[in-house]
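Topology and contacts: notes
Letter by letter, the chains look like this.
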Amino acid sequence: MTRFMQVWILALALAMTAATAMAETVVGKNVDSRVILAFNVKEEGASAMLP
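This is a predicted model, so every value here is computed, not measured.

With that settled, consider the overall build of the protein chain. The helix and strand inventory of the protein chain stands at two helices and zero strands. Taken over 51 residues, the protein chain has a buried fraction of 0%. Surface exposure of the protein chain reaches about 5700 Å², of which carbon and sulfur atoms provide 66%.

Dropping the structure here:
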């Protein structure tokens, strides 16, 4: 195989992978974060607010 043919095949392979990568479209992003809060309350106050 000649050097020209090797370079041509490599260039073709790189072009095909680049086209595949460009075809992927970002359709959305999701970033979740959670915050946990803890409070010290008297039992009477908490029971008045809970069912």
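The discussion continues.
Let us look at a nonpolar patch on the surface. Together, F4, M5, W8 and I9 make up a nonpolar patch on the protein surface, roughly 470 Å² of accessible area in all. As for its placement among the helices and strands, I9 is situated in helix 1 (residues 3–23).

Calculation criteria
Residues numbered from 1 in each chain as written. Predicted model: local features only at pLDDT ≥ 70, side-chain atom pairs only at ≥ 80, totals over all residues. Heavy atoms only, no water. Helix = DSSP H or I, 4+ residues; strand = E, 2+ residues; numbered from the N terminus. Buried < 20%, exposed > 50% of the residue type's maximum accessible area, 1.4 Å probe, protein only. Areas by Shrake-Rupley, 256 points an atom, 1.4 Å probe, with all protein chains shown as cover. Patch = residues over 30% accessible without salt bridge, like charges linked within 9 Å, V, L, I, M, F, W, Y side chains within 5 Å. Salt bridge = Lys/Arg side-chain N within 4 Å of Asp/Glu carboxyl O.

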